[in-house]
2 protein chains.
Amino acid sequence: MNISARFHLRLQGPHHSPIGPGKISLLEAIATEGSISAGAKKHQMSYRRAWQLVDEVNQALRSPAVLTAVGGRKGGGAVLTPEGESLVRLYREVEAQALDTNQTRLQALRALFNPSAPAA
Amino acid sequence: MNISARFHLRLQGPHHSPIGPGKISLLEAIATEGSISAGAKKHQMSYRRAWQLVDEVNQALRSPAVLTAVGGRKGGGAVLTPEGESLVRLYREVEAQALDTNQTRLQALRALFNPSAPAA
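Residues numbered from 1 in each chain as written. Chains lettered and ligands numbered in written order. Predicted model: local features only at pLDDT ≥ 70, side-chain atom pairs only at ≥ 80, totals over all residues.

1. A look at the overall build of chain A
- Helix and strand counts for chain A stand at 5 helices and 3 strands.
- The N-to-C order of helical and strand elements in chain A reads β-α-α-α-β-β-α-α.
- Rg of the C-alpha trace for chain A: 18 Å, well past the compact-globule value of 14 Å for 120 residues, more than 25% over.
- Counting only C-alpha atoms, chain A reaches 55 × 35 × 25 Å along its principal axes. (Helix = DSSP H or I, 4+ residues; strand = E, 2+ residues; numbered from the N terminus. Rg over C-alpha atoms; globule rule 2.2 N^0.38 Å.)

2. Details of the confidence of the model for chain A
- Summarising the model, chain A shows a mean pLDDT of 90, and 92% of its residues fall at 70 or more.
- Listed scores for the predicted complex are pTM 0.84 and ipTM 0.87. (pLDDT = per-residue confidence, 0-100.)

3. Overview of the interface of chain A and chain B
- In this complex, chain A contributes 39 residues to the contact, which on the side of chain B involves 39 residues.
- For the side of chain A that touches chain B, the secondary-structure elements that each account for two or more residues are β1 (4–12), α3 (47–60), α4 (82–101) and α5 (103–112) of chain A.
- Counting residues per element, the side of chain A that touches chain B draws most heavily on α4 of chain A, at 10 residues.
- Residue composition of the side of chain A that touches chain B, by class: 20 nonpolar, 13 polar and 6 charged.
- In this sheet, strand β1 (residues 4–12) of chain B lies alongside β1 of chain A in antiparallel orientation, the contact comprising 9 bridges. For L11 of chain A, the partnering residue across the bridge sits in β1 of chain B and is A5 of chain B. (Contact = placed C-beta atoms within 7 Å. Nonpolar A, V, L, I, M, F, W, Y, C, P; charged D, E, K, R; others polar. Pairing = 2+ DSSP bridges.)

4. A look at the relation of the copies chain A and chain B
- With an RMSD of 0.0 Å, chain A superimposes on chain B once it is rotated by 180° and translated 0.0 Å along the axis. On this basis, the relationship between the two copies can be described by a two-fold rotation axis. (Least-squares fit on C-alpha atoms with pLDDT ≥ 70 in both.)

Structure, rendered in structure tokens:
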């Protein structure tokens, strides 16, 4: 039986927008692709929207998660700062550890599910 | 600093609607209130919507999570079955355990956040 269990962690401070799976995944795409625009494209969102989300993350942290270079040959790339890298790494570790520590309970949950398709 | 960390677990089988925080919370309300209609009211949703969500949960499991009594003095109450109780209990244990096992990482994540309000 294939019952998937997915965790979403949402970090929410009193003064800022929450940081959850969408923003973390966007940061990963920016890190991989090397720019906000390419990260936005990978997530099928507008550059404006991606910039806005990055701005929200940067404002939520003590020190920005993403730095951009203005101009240059590639038209301004973007990189994760060490803080941005820590944010993404810790977030993913938390998710992985949450699944790992709960293997027995998740197995018990999966066992409650009906393995077959419902009657039409 | 008060950065809240909330987990959401979503269980998704190939044939059925996912079970996540909304349905679990509805089941808890039904158990506490003793009927689908009172559970629906507590969640500010229509009876029809609550019934639909309960039906999705019942169809996803091997054996129903909620049983209803037709008629009677209270106009038909609802109870969680042992399977329904196991579902809710395990789900909440998984969430609690996920936070507990990650205390150190969550502390490191919280330390990345800006404790003060943004400049207006």
